[in-house]
Amino acid sequence: MNLDDYTAKLHPLAAALGLDYYPVDFALVPQNFMLEIAVYGMPVRMHHWSFGLRYIHQLLHQHMGHSRIFEVMFPGDPCRAYMMDRNSLAENALVTAHVIGHADFVKRNALFARFMRMAGGHILEQSAARAHHLDDALLRHGQQAVESVLDAALALEPHIDIHQSLYRPPYPEQSAETAVPPASDEFRRRYHGLPGESAPAPQKPARRQLPPYPEQDLLWFVARYAPELKDWERDIFLAVREEAFYFFPVHACQIMNEGWASYWHARLLREADFLPQELYLQALRVHSDVVRPYGNEQQLALAINPYHLGFTIWEDIIEREGLDAARRICAEEDDFGFIRNHLTAQLAEKLDLFSYQARSDGETRVLSRDIHDVHEAILGPKYNYGAPCIFAERIDDDFSLVLRHDHARDGRGLELAQAEQVMHYVAAVWRRPVTLHTVDFRGTPRTLQVTSPDSARTSARPA
């Protein structure tokens, strides 16, 4: 039997076990194409130099044995799954079962459902169409102009407001008070018409404040309100924003999703009596590699393996509360609720989890084994899409832009050199001065300002 034969039998087994999932289109692809998919995030996506750097980074890690890509799966209706053609038959049998688990999670989970309703189930086709539009823009406007816009859009890629709609309208217009009372107010209308009464001199309406409240959705705000942004530039910002909305549930549910898929690939293969014994044992060895907590035979891990952590928590939930409860949790929660509600102190102790501090002199120090500290250490990198919390505070009369970093909410300052580079990117498309109020890593107030995109002068000084 070949992979197609096993796949055809895995689907009815999954249905019998209660899995309900979008159809999945599987494709076997060569290693170089798989690497491109992994670093670009899409089979066909807008070209940018940063993806080339990610490709080199991934290639080095793979050659050094630090990572191996078995599959890349894209949620949708249908889901798309790409498997390495160099995988063994046992590996791809496991990958097939793993993807079925992912597809069940995607269809079941409320966060995925919400964002799929907004971004649609055909993001891959939309991404490919946008890539072709960008090629047209390159021909019309030149590489330097297009790359400058992409630099800014991708630098702001995580700065969206997930509580807003993908297709949100502009801010409502401010209502102006009318100088003449409404005709329905008879007394005021007649009084206003008495001899000698004249209408007050018209006053120049005050420029409305933008934004009317601190705005977290920076991609949307720049696309809507940058004073000189052209339509094709606006389209790039909105395209990057749409893809950020599409990827958010993947980021916010990574531990749950990978753990759920790992639980189901293990169970499906265990109950697949049509698999030859040797193939099953080979697949079991792959499973052990995927969900082990340590890498390269180390007995201590300073990074969480989401496959291992998610798989262990789901097994614990199903053992204690049953599969129906697990499916309810799968539908209702994301990683924040999953970790806080279901990674218990007993389970954390069993997994030897702790929070730690890596010092600049190379020393690594265990800070705490308290369960709440462990929760926050795991979830900290997930807040706000893993990006610092930056708000658009106001547009001044000269259309310069003022940004503010909510460092109290983040609990940390910014790396100033990196922040300055992002400021240059933003100023290049805002085309007016851009200021950011923040703090450095010591907590000292700082103000970063790009006064002219042409001269790209930046100052960093105490606020």
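Preceding this section is the structure that the text describes.
Only a predicted model underlies this, so the values are computations on that prediction, with no experimental measurement involved. Residue indices begin from 1 for each chain and proceed along its sequence in written order. Restriction of local features to residues with pLDDT of at least 70 applies here, the model being predicted, together with a cutoff of 80 or more for giving and counting side-chain atom pairs; totals for whole chains, interfaces and linings are based on all residues. Working from all heavy atoms in the structure, the side-chain values ignore hydrogens and water.

## A word on the pattern of salt bridges
Put simply, the rule is: Only one rule defines a salt bridge in this text: a Lys or Arg side-chain nitrogen within 4 Å of an Asp or Glu carboxyl oxygen. Helix numbers and strand numbers start at the N terminus; a helix is a DSSP run of H or I with at least 4 residues, a strand a run of E with at least 2. Only protein chains enter the area calculation, which uses a 1.4 Å probe; residues under 20% of their type maximum are buried, those over 50% are exposed, and those in between are partly exposed.
Under the definition given, this model contains 18 salt bridges. When the shortest N-O distance is used, the salt bridge between Arg328 and Glu332 registers 3.7 Å. One end of the pair, Arg328, and the other, Glu332, are both in helix 14 (residues 323–332), four residues apart, so they sit about a helical turn from each other. The partner of Asp396 in a salt bridge is Arg394, and the shortest N-O contact between them spans 2.6 Å. Taking the relative accessible area as the measure of exposure, Asp396 reaches 24% and is therefore partly exposed. Salt bridges sharing partners connect three or more residues here, namely Arg168, Glu215, Asp217 and Arg241.

## Re the packing of aromatic side chains
Working definition: an aromatic ring pair is given by the centre-to-centre distance plus the angle between the planes. Put simply, the rule reads: The pairing test for Phe, Tyr and Trp rings, Trp by its six-membered ring, is centres within 6.5 Å, and the orientation test on the planes gives stacked under 30 degrees, edge-to-face over 60, and tilted for anything in between.
For the structure shown, the criterion picks out 17 aromatic pairs. Judged by centre distance (5.7 Å) and plane angle (45°), the ring pair of Phe115 and Phe245 falls under tilted. Here Phe245 lies in helix 10 (residues 231–252) and Phe115 lies in helix 5 (residues 110–119), a separation of 130 residues in the sequence. Relative accessible area serves as the criterion here: at 0%, Phe245 is assigned to the buried category.

## Side note on the sheet that holds strand 2 (residues 71–74)
Note on sheets: strands pair through backbone hydrogen bonds, and any given pair is parallel or antiparallel. Counted only if it meets this: A pair of strands is labelled paired if DSSP reports no fewer than 2 bridges between them. For helices, the fitted axis covers only the stretch in contact; all axes are lines through C-alpha atoms, and the angles between them, taken along N-to-C directions, range from 0 to 180 degrees.
Read across the open sheet, the three strands follow the order 1-3-2; overall the sheet is mixed. Unpaired on one side and paired on the other, strand 1 (24–29) and strand 2 mark the two borders of the sheet. Along the sheet, successive strands turn relative to each other by an average axial angle of 15°, direction set aside. By the bridge criterion, four bridges tie strand 2 to strand 3 (residues 79–84) in an arrangement that is antiparallel. By the bridge assignment, Val72 is partnered in strand 3 with Tyr82.

## Observations concerning the packing of helix 4 (residues 89–108) against helix 11 (residues 254–271)
Between two packed helices, the angle of one axis relative to the other and the distance separating the axes together describe the packing. Short version of the rule: In what follows, roughly perpendicular refers to angles from 65 to 115 degrees, roughly parallel to angles under 35, roughly antiparallel to angles over 145, and oblique to any angle outside these ranges. In this scheme, a crossing is called left-handed if the near helix is turned counterclockwise away from the far one by less than a right angle; it is called right-handed if the turn is clockwise. For this analysis, residues touch if any pair of their heavy atoms sits within 4.5 Å. Basically, the charged four are Asp, Glu, Lys and Arg, the nonpolar ten are Ala, Val, Leu, Ile, Met, Phe, Trp, Tyr, Cys and Pro, and anything else, Gly included, counts as polar.
Contact geometry of helix 4 with helix 11 gives a least axis separation of 7 Å together with a crossing angle of 130°. Considering the angle they form, helix 4 stands oblique to helix 11. Considering the relative orientation of helix 4 and helix 11, their crossing is right-handed. In this structure, helix 4 uses Ala93, Leu94, Ala97, His98, Ile100, Gly101, His102, Asp104, Phe105 and Arg108 to contact helix 11, whose residues at the interface are Met256, Asn257, Glu258, Trp260, Ala261, Ser262, Trp264, His265, Leu268 and Leu269. For the contact of helix 4 with helix 11, the residue count by class is eleven nonpolar, six polar and three charged.

## Examining the nonpolar core
Put simply, the test is: Here, the term nonpolar core denotes a set of buried Ala, Val, Leu, Ile, Met, Phe, Trp, Tyr and Cys residues that are joined through side-chain atoms within 4.5 Å.
One finds Phe237 and Leu343 to be the most contacted residues of the largest nonpolar core, which totals 132 residues. With sequence-adjacent residues up to four places away left out, Leu343 is seen in contact with Leu309, Ile313, Phe338, Ala348, Leu351, Leu353, Ile371, Val374, His375 and Ile378.

## Here's the deal with helix 11
Applicable threshold: Expected span of a helix: the number of residues minus one, times 1.5 Å.
With 18 residues, helix 11 extends 26 Å from end C-alpha to end C-alpha; this agrees with the ideal 26 Å at 1.5 Å per step. Of all 18 residues that make up helix 11, 15 are buried, and the element is covered over most of its length.

## Focus: the state of the cysteines
Stated precisely, the cut-off is as follows: Put simply, a disulfide is two cysteine sulfurs that come within 2.5 Å.
Applying the stated criterion across every chain yields a total of zero disulfides. Among the cysteines around Cys330, which has no disulfide bond, Cys253 carries the closest sulfur, lying 8.6 Å off. Take Cys330: its relative accessible area is 0%, and that puts it in the buried class.

## As for the environment of Glu243
By the secondary structure assignment, Glu243 is in helix 10. The spacing of Glu243 and Gln126 is 117 residues in sequence and 9.5 Å in space, taken between C-alpha atoms.

## Considering the packing of helix 1 (residues 3–16) against helix 4
Where helix 1 contacts helix 4, the two axes come as close as 10 Å, and the packing angle between them is 30°. On the basis of the axis angle, helix 1 is roughly parallel to helix 4. Considering only the axes of helix 1 and helix 4, their crossing is right-handed. For the pair helix 1 and helix 4, contact is made by Leu3, Tyr6, Thr7, Leu10, His11 and Ala14 and by Leu89, Asn92, Ala93, Thr96, Ala97 and Ile100, respectively. For the contact of helix 1 with helix 4, the residue count by class is eight nonpolar, four polar and no charged.

## What to know about the pairing of strand 2
Burial along strand 2 is two-sided: Glu71 and Met73 facing one way and Val72 and Phe74 facing the other are all buried. Linking strand 2 back to strand 3 in an antiparallel pair, the connection comprises four residues.

## Remarks on the environment of Val450
Within the secondary structure, Val450 sits in strand 9 (residues 445–450). The buried category is assigned to Val450, whose relative accessible area is 0%. Measuring from C-alpha to C-alpha, the distance between Val450 and Val434 comes to 5.4 Å, with 16 residues separating the pair along the chain.

## As for helix 13 (residues 306–321)
Which entries qualify depends on this criterion: Pairs of N or O atoms are called polar contacts if they sit within 3.5 Å, as long as, within protein, a hydrogen donor faces a hydrogen acceptor (for residues adjacent in sequence, only side-chain-to-side-chain pairs).
Compared with an ideal rise of 1.5 Å per residue, which puts 16 residues at 22 Å, helix 13 spans 22 Å between its outermost C-alpha atoms and is within 8% of the ideal. Those residues of helix 13 lying buried are Pro306, His308, Leu309, Gly310, Phe311, Thr312, Ile313, Trp314, Asp316, Ile317 and Ile318. Those residues of helix 13 hidden inside the fold are in contact with helix 11, helix 12 (277–291), helix 14, helix 15 (335–342), helix 16 (345–351) and helix 17 (371–379). Capping the start of helix 13, Asn305 holds a side-chain oxygen 3.0 Å from the backbone nitrogen of Tyr307, two or three residues further along. Note on helix 13: the residue one or two positions beyond its end, Gly322, has a positive phi of about 95°.

## So, unusual backbone geometry
A cis geometry characterises the amide bond from Asp77 onward to Pro78, with omega recorded as 10°. As for its position among the elements, Pro78 is in the loop between strand 2 and strand 3. The linkage connecting Leu210 with the following residue, Pro211, adopts the cis geometry, with an omega of -10°. Residue position: Pro211 is located in the loop between helix 8 (186–192) and helix 9 (218–225). Non-glycine residue Asp352 carries a positive phi angle of around 60°. Residue placement: Asp352 occurs in the loop between helix 16 and strand 4 (355–358). You can call Asp352 partly exposed: its relative accessible area is 35%.

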